[in-house]
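Here are the chains, one letter per residue:
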Amino acid sequence: MIHHEPDNTHCPCGCALKRIGEDVSEKLDYTPGVFTVERHVRGKWVCDDCETLIQAPVPQPLVDALRDVVLGHQVIHADETPVQMLAPGSKKTHRSYVWA
Ligand SMILES: [Zn+2]
């Protein structure tokens, strides 16, 4: 279990922050032959006087990391592939696209 708590539990207004709860997320990890779950606990800390809430940020979504990698290059290659996709409940297909 990995805990993410603020370095400082004092509010900028001068009061002590109070821990009011936490958010827990899990990340599946794989090393050959073994799956493991990494549990992240992010405490929520609040100031009773000015109602400031402090919590460690959630790690970046994969889409942000992918965007940074793709847009970091001068040239981007793409492929558009048409595929037939089954429309839910209608037993018919329609043309869809996969972009890579
Ligand atoms: Zn405060």
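These numbers come from a predicted model, not from an experiment. (Residues numbered from 1 in each chain as written. Predicted model: local features only at pLDDT ≥ 70, side-chain atom pairs only at ≥ 80, totals over all residues. Heavy atoms only, no water.)

Caption draft 1: Molecular detail of the coordination of the zinc ion. Within the protein, the atoms that donate to the zinc ion are C11 (SG), C13 (SG), C47 (SG) and C50 (SG), at distances of 2.2 to 2.3 Å. Angles of 100 to 122 degrees at the metal separate the four donor atoms of the zinc ion, which places the site in the tetrahedral class. Donor residues for the zinc ion sit on one chain with the sequence pattern C-x1-C-x33-C-x2-C. Residue C13 is found in the loop between β1 (2-4) and β2 (18-31), and its partner C47 is found in the loop between β3 (34-46) and β4 (53-54); the two are separated by 34 residues along the sequence. The partly exposed category is assigned to C13, whose relative accessible area is 44%. (Donors = N, O, S within 2.8 Å, 3.2 Å for Na, K, Ca; no water. Tetrahedral: all angles 85-135°; square planar, octahedral: opposite > 155°, others 65-115°. Helix = DSSP H or I, 4+ residues; strand = E, 2+ residues; numbered from the N terminus. Buried < 20%, exposed > 50% of the residue type's maximum accessible area, 1.4 Å probe, protein only.)

Caption draft 2: Spatial organisation of the packing of aromatic side chains. With the rule as written, the count across this model stands at two aromatic pairs. Seen in terms of ring centroids, Y30 and F35 are 4.7 Å apart; in terms of plane orientation they differ by 45 degrees. Their pairing is tilted. Summarising the aromatic geometry, the rings of Y97 and W99 are spaced 5.8 Å apart at their centres and angled 25 degrees between planes, so their arrangement reads as stacked. For Y97, a relative accessible area of 37% puts it in the partly exposed group. With relative accessibility at 61%, the residue W99 sits in the exposed group. (Phe/Tyr/Trp six-rings, centres within 6.5 Å; stacked < 30°, edge-to-face > 60°.)

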